[in-house]
Amino acid sequence: MVCQRLIMLTTAIFINLVVSSIVVAQQKPPHIVFVVADDLGFNDVSFRADDMHTPNIDRMAREGIILNSSYVQPLCSPSRSAWMSGFFPFHTGLQHDAMHGWQKAYLPGNLTTLPEVLKSRGYAAHAVGKWHLGFCNLKYTPTYRGFDSFLGYYMAMEDYYNHTQGGGYDFRNNTAVERNVIGQYSAHIFTEHTEKIIRAHNKDQPLFLYLPFQSVHEPLEVPQIYIDKYCSHIGNTSRRIKCGMVAVLDEAFGNITSLLSTLGYMDNILLIFTTDNGGPVPFAGNNWPLRGSKHTIWEGGTRGTAFVWSNNLFSKTGYTNDGMMHAVDWFPTIIEASGKKFDEYKIDGMSQWDTIRHNTPSPREEFVYNIDTMANMFAIRHGDYKLIHGNTGGLDDWYPVPRVDGLQEEEVAPPPPSGPFRLFNIKEDPEERKDLTETQQDILNQMKTRLDAWRATEVPANYPKNDPAANPAKWGGAWSSGWC
Ligand SMILES: *[C@@H]1O[C@H](CO)[C@@H](O)[C@H](O)[C@H]1NC(C)=O
Ligand SMILES: *[C@@H]1O[C@H](CO)[C@@H](O)[C@H](O)[C@H]1NC(C)=O
Ligand SMILES: *[C@@H]1O[C@H](CO)[C@@H](O)[C@H](O)[C@H]1NC(C)=O
Ligand SMILES: *[C@@H]1O[C@H](CO)[C@@H](O)[C@H](O)[C@H]1NC(C)=O
Ligand SMILES: *[C@@H]1O[C@H](CO)[C@@H](O)[C@H](O)[C@H]1NC(C)=O
Ligand SMILES: *[C@@H]1O[C@H](CO)[C@@H](O)[C@H](O)[C@H]1NC(C)=O
């Protein structure tokens, strides 16, 4: 009896040793590619929308895991700050609006960034595309925030070909103004440059690529050939151009992933694709069947298109995961995927690595859509419920894809309840059609208590007045660092 137990114990220890040595052998950190589509709506990819053309994205989304409850902030820089820091923007002063070129606004300097952690673990880290986390001082720019290299622009948006915005040129090669690229469409510049980085990289070192594309933010611009090839069936002019822009993004994604595959990177890789916010309806973005638009606290502004793909890291693939995730979760998730949890200080993000890897339930039960006292806009989610207090951001209706004859219809929302609150059960009513404030008083009160607790932790927004010192005319015509 005793002897048998001893044998069992020894066997168990032996198996344990074998298993852990396999685990150790597999623990080579994966390459990580984080692709961001700017302003891509919930219904702007052809795995959801019939009128779009995204075969490369669709294939990898379907082979991978579609994240169907992946939340982002209602607009650009706040989402980017969440990815880079793991904090909700209302905890870092970035909750109000996006950063503007004339403002002394930036991701606070005392936050450790995602590439900084990855670099400390042996990764190479490169950023290609849109930064939008501050540039008034060099120390806020990408190569001072953890990236080995940067090619792209600092601000929210610009012309896709001449790379100017608001009277200034905005395109950098690391920290230097780069005028080589004038006249070239940004998706082509970024793809070619990314391919160059991949080719020059030594695959033995883990690679982190952060690829925040300009596509598909306004202005609505795209080489005509993409419209002619993929989008001539669309009657609405804006939606037709948007379709072309989405098609270039998909081609870029296809080119980059196919090069990664050719060079053998797919053996050990975590590929993440996400939007930064919902689609802007006035610029032909579409979030159907969700309510609202970019800039709003509605699901259409905050529930993002996202998926992950890997050949070797997930125990289940080819399905839709409905686990609750928020943009702040990418920071700890990516860091855990690189080998070991982030435990340097407490952040808002929760690692979703097991949710993704093993399809276990999401650890998240609650998140903050936003807390922005300056805009009187507040919303939280707890369990299945969502509470909104104050402003929603406008564009409160439901917007189907524009009709074949071009017309953009709108399903006009009924008048809101009296009083500042709105309450929805998102699980049963993801389209936010049935307001529960009058029928679910108990839940309303519990949710108000939760919201108050979060509001007590709000850091005042850093939303300074425009500073004339930013004027690109003072800096050789380019938006530049050196005035804060
Ligand atoms: C960064 O600085 C702010 C303001 O001083 C402080 O409240 C916050 O705790 C700091 N964060 C970290 C992670 O050190
Ligand atoms: C860049 O293109 C925009 C149109 O998107 C135009 O308004 C602007 O004048 C152009 N700027 C330069 C410097 O060519
Ligand atoms: C960036 O600068 C490097 C070094 O000067 C140069 O080789 C490269 O072509 C530049 N990239 C672009 C896109 O202009
Ligand atoms: C993708 O690769 C093809 C073939 O080299 C090229 O023609 C196309 O411009 C590339 N697309 C992008 C977005 O860079
Ligand atoms: C085309 O769609 C855009 C964006 O959805 C909309 O603003 C515009 O009014 C539509 N055009 C027509 C003719 O309805
Ligand atoms: C994803 O969520 C949307 C909105 O709730 C829903 O319409 C759709 O059926 C979900 N997709 C899957 C595959 O679960």
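Residues numbered from 1 in each chain as written. Chains lettered and ligands numbered in written order. Predicted model: local features only at pLDDT ≥ 70, side-chain atom pairs only at ≥ 80, totals over all residues. Heavy atoms only, no water.

Participant: With reference to specific residues and values, describe the site of ligand 1.
Facilitator: Within the structure, ligand 1 sits among Asn110, Leu111 and Tyr345. The separation between an oxygen atom of ligand 1 and a polar side-chain atom of Asn110 is 2.2 Å. Burial of ligand 1 by the protein chains amounts to 32% of its free accessible area of 360 Å². (Near = heavy atom within 4 Å. Polar contact = N/O pair within 3.5 Å; in protein donor to acceptor, adjacent residues only side chain to side chain. Areas by Shrake-Rupley, 256 points an atom, 1.4 Å probe, with all protein chains shown as cover.)

Participant: Residue-level account of the state of the cysteines, with values.
Facilitator: For the structure shown, the criterion picks out two disulfides. One disulfide in the model links Cys136 with Cys484; its S-S distance is 2.0 Å. Its torsion about the S-S bond being 70°, the disulfide of Cys136 and Cys484 is classed as right-handed. Separated by 348 residues along the polypeptide, Cys136 in the loop between β4 (124-130) and β5 (149-153) and Cys484 in the segment after α11 (441-455) bring together distant segments of the chain. Residue Cys136 is classed as buried on the basis of its relative accessible area of 2%. Classification of Cys484 as partly exposed rests on a relative accessible area of 34%. One disulfide in the model links Cys231 with Cys243; its S-S distance is 2.1 Å. (Disulfide = S-S within 2.5 Å. Helix = DSSP H or I, 4+ residues; strand = E, 2+ residues; numbered from the N terminus. Buried < 20%, exposed > 50% of the residue type's maximum accessible area, 1.4 Å probe, protein only.)

Participant: I'd like a rundown of the site of ligand 6, residues and numbers included.
Facilitator: The environment of ligand 6 is formed by Asn68, Arg303, Thr320 and Pro430. In the model, an oxygen atom of ligand 6 is placed 2.3 Å from a nitrogen or oxygen of the Asn68 side chain. Residue Arg303 places a side-chain N or O atom 3.3 Å away from an oxygen atom belonging to ligand 6. Contact with the protein chains hides 50% of the accessible area of ligand 6, taken as 360 Å² for the molecule alone. Across the shell around ligand 6, the residue classes break down as one nonpolar, two polar and one charged. (Nonpolar A, V, L, I, M, F, W, Y, C, P; charged D, E, K, R; others polar.)

Participant: Residue-level account of the nonpolar core, with values.
Facilitator: Phe34, Phe208, Tyr210 and Trp330 are the most contacted members of the largest nonpolar core, which totals 81 residues. For Phe34, the residues in contact, after removing those within four places along its chain, are Trp83, Phe208, Leu209, Tyr210, Leu211, Ile272, Thr274, Trp330 and Ile334. Residues Leu209, Leu211, Leu260 and Leu271 belong to the second largest nonpolar core, which totals 54 residues. (Core = buried A, V, L, I, M, F, W, Y, C linked by side-chain atoms within 4.5 Å. Contact = heavy atoms within 4.5 Å.)

Participant: Could you give an account of the side chain of Thr112, with specific residues and numbers?
Facilitator: Along the chain, the position of Thr112 falls in the loop between α3 (76-85) and α4 (114-120). Leaving out residues up to four positions away in the same chain, Thr112 has contacts with Met84, Ser85, Val117, Phe331, Glu344 and Tyr345.

Participant: Run through the side chain of Asn321, naming residues and quoting values.
Facilitator: Relative to the assigned elements, Asn321 resides in strand β14 (residues 319-321). Overall, the relative accessible area of 4% leaves Asn321 in the buried class. There is a polar contact of 3.4 Å between the side chain of Asn321 and the backbone oxygen of Thr355. Leave out the neighbours within four places in its chain, and Asn321 touches Ile65, Ile66, Leu67, Asn68, Ser69, Thr355 and Asn359.

Participant: Tell me about the packing of helix α2 (residues 55-63) against helix α7 (residues 237-262), and please be specific about residues and values.
Facilitator: Close contact between α2 and α7 brings their axes to 7 Å; oriented N to C, the two are set at 60°. Here α7 runs oblique to α2, going by the angle between their axes. Across the interface between the two elements, Pro55, Asn56, Ile57 and Met60 of α2 pack against Leu249, Asp250, Glu251, Phe253, Gly254 and Thr257 of α7. (Axes fitted to C-alpha atoms, helices over the stretch in contact; angles between N-to-C directions. Parallel < 35°, antiparallel > 145°, perpendicular 65-115°, else oblique.)

Participant: Requested: an account of the sheet that holds strand β13 (residues 306-309), with residues and values cited.
Facilitator: Across the sheet, which stays open at both edges, the 10 strands sit in the order β9-β8-β5-β4-β10-β1-β11-β13-β2-β14 with mixed pairing between neighbours. For this open sheet the edge positions go to β9 (176-177) and β14, each flanked by a neighbour on one side alone. In this structure, β5 lies alongside strand β8 (residues 172-173), joined through two bridges in antiparallel fashion. Residue pairing in the sheet places Gly152 in a bridge with Arg172 of β8. (Pairing = 2+ DSSP bridges.)

Participant: I'd like to hear about the domain arrangement of the protein, residue by residue, with values.
Facilitator: We note that the domain assignment places domain 1 (29-364) and domain 2 (372-455) within the protein. Buried surface at the junction of domain 1 and domain 2, both sides included, amounts to about 2,600 Å², of which 62% is carbon and sulfur. For the domain 1 face of the interface with domain 2, the top three residues by lost area are Arg291, Ile297 and Trp298, together amounting to 27%. Inspection of the region where domain 1 meets domain 2 yields one salt bridge. Summed over the shared surface of domain 1 and domain 2, the result is 13 residue pairs in polar contact (both at pLDDT 80 or more). (Domains from an automatic or database assignment. Buried area = accessible area lost by both parts, 1.4 Å probe. Salt bridge = Lys/Arg side-chain N within 4 Å of Asp/Glu carboxyl O.)

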